[in-house]
Amino acid sequence: KLGLKQTTVSSIKRRLKEEKFFRHIRVPLLQDIGCEMLVGIHANFNPIIPLEQRVEIASKNIEIFDEIFFSVGEQEKGFSLSLAKNYTSIGKINDIRTKTFGEMSLLEEDYPHEIIIPFEISKIYRFFDFDRAIKKLFRIDIEDNKTSFVWFEKRKQLLKLSDNEKKVYYALIKYPDLSLIELSKEIGISRHTISKMKKTFIKNNLMKEKNIPNLRKLGFEIISFYHIKFDPKNPPSEKHIKALDTEDTFFLASRKFECLILSVYKNYNDYKIDKMKKIEFLRRGNLVCKPPLIRKYIIDRMYVIKDLEFAPIVKKILGI
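Residues numbered from 1 in each chain as written. Predicted model: local features only at pLDDT ≥ 70, side-chain atom pairs only at ≥ 80, totals over all residues. Heavy atoms only, no water.

Attention shifts here to a nonpolar patch on the surface. A surface patch of nonpolar side chains, about 260 Å² in accessible area, is lined by Leu 2, Leu 4 and Val 9. Take Leu 4: it is sitting in the segment before α1 (6-18). What makes Leu 4 exposed here is its relative accessible area of 51%. (Patch = residues over 30% accessible without salt bridge, like charges linked within 9 Å, V, L, I, M, F, W, Y side chains within 5 Å. Areas by Shrake-Rupley, 256 points an atom, 1.4 Å probe, with all protein chains shown as cover. Salt bridge = Lys/Arg side-chain N within 4 Å of Asp/Glu carboxyl O. Helix = DSSP H or I, 4+ residues; strand = E, 2+ residues; numbered from the N terminus. Buried < 20%, exposed > 50% of the residue type's maximum accessible area, 1.4 Å probe, protein only.)

Right under this line is the structure:
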């Protein structure tokens, strides 16, 4: 693909990982083994309360819940992403979140806002896909085989895993950097069995391998959070949704009348240009009846409370 020797690629990849330019993870696709929805929560906070104090309170009372796999905050705002078996589990978390933040005067005027993405009636086009943003950052001219795809596609019926399959699945998610030999010693299942199960999980779209870049180290400055509610008289087509999927977008989840987008930018100018493109497209197509909610997060000021931690929800969903 790159026109380089395999030894060169391996050497560079190893060095980049050692110097923490990226990390390797495995993403569980739980929609077919008991998980019904992905949920985004965003809130505005009282800026008088120090960020460190709010993070400490959240870490002790809210972020301990297994469902939350990604959570970030700035001084006056924050958002999280969760995977949940059903709405009841998310409702409990949000009630505790609202009660905790309310009692301590951490919230501004509004309650935390929920964005519910049920797998059965939604599509997730991008899930922490940073390749296009990095390609743009380094001005690399490599043709991509795919520009978009659907990550979560729900089957008609749930899959049942054996006890050993659950054990291996969980271990692969929890220990993405362990070799198969090390995993075998960790869980007491043969390397051959783990290897075979891993291939089956990937083939059956139950798991994906990903490399997640260190955005700070690469010099990215801004992450944006877009929550778009579409005009019910003029719901968007899939073509409209894909038009919102610009090269800066690394997460995109959509249902019939709303979508959630996360994008990353090298600087404020790139953020401004992409934001205006999105707004103009939505207005031109009469796709919204009110402006989308847009929140800008400065990466250097942003506190990451949970950074793609999937093992707890996998353990809970599988009942391990």
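Turning next to helix α5 (residues 163-174). With 12 residues, α5 extends 17 Å between its outermost C-alpha atoms, agreeing within 8% with the 16 Å of an ideal straight helix rising 1.5 Å per residue. Along α5, the positions that sit buried rather than exposed are Val 168, Tyr 169, Tyr 170, Ala 171, Leu 172 and Ile 173. Buried residues along α5 sit in contact with β1 (22-28), α6 (180-187), α7 (191-203), β7 (207-213) and α11 (311-318). (Expected span 1.5 Å × (residues − 1). Contact = heavy atoms within 4.5 Å.)

Before going further, it helps to spend a moment on the packing of aromatic side chains. Tallied over the full model, the rule gives 16 aromatic pairs. Summarising the aromatic geometry, the rings of Phe 79 and Phe 225 are spaced 5.0 Å apart at their centres and angled 45 degrees between planes, so their arrangement reads as tilted. Taken as a pair, Phe 79 in strand β4 (residues 77-84) and Phe 225 in strand β8 (residues 222-229) lie far apart in primary sequence, 146 residues in all. Across the pair, Phe 225 and Phe 79 agree in class, each one buried. When the centroid spacing of 5.6 Å and the interplanar angle of 70 degrees are considered together, the rings of Tyr 265 and Tyr 271 count as edge-to-face. Looking at Tyr 271, the relative accessible area reads 4%, which means it is buried. Aromatic rings pair up to connect Phe 69, Phe 70, Phe 79, Phe 127, Phe 128, Phe 130, Phe 225, Phe 250, Phe 251, Tyr 297 and Phe 310 into one cluster. Over the aromatic face of Tyr 226 sits the side chain of Lys 278, whose NZ or CZ is 5.2 Å from the ring centroid. (Phe/Tyr/Trp six-rings, centres within 6.5 Å; stacked < 30°, edge-to-face > 60°. Lys NZ or Arg CZ within 6 Å of the ring centre and 35° of its normal.)

A separate point is the nonpolar core. In this structure, Leu 38, Phe 69, Phe 128, Tyr 169 and Phe 251 are the most contacted members of the largest nonpolar core, which totals 59 residues. With six residues, the top contributor of residues to this core is α5. Leaving out residues up to four positions away in the same chain, Phe 251 has contacts with Leu 38, Leu 81, Arg 126, Phe 127, Phe 128, Leu 260, Ile 261 and Leu 262. Listed in part, the 19 residues of the second largest apolar core include Tyr 226, Leu 244, Val 288 and Ile 294. (Core = buried A, V, L, I, M, F, W, Y, C linked by side-chain atoms within 4.5 Å.)

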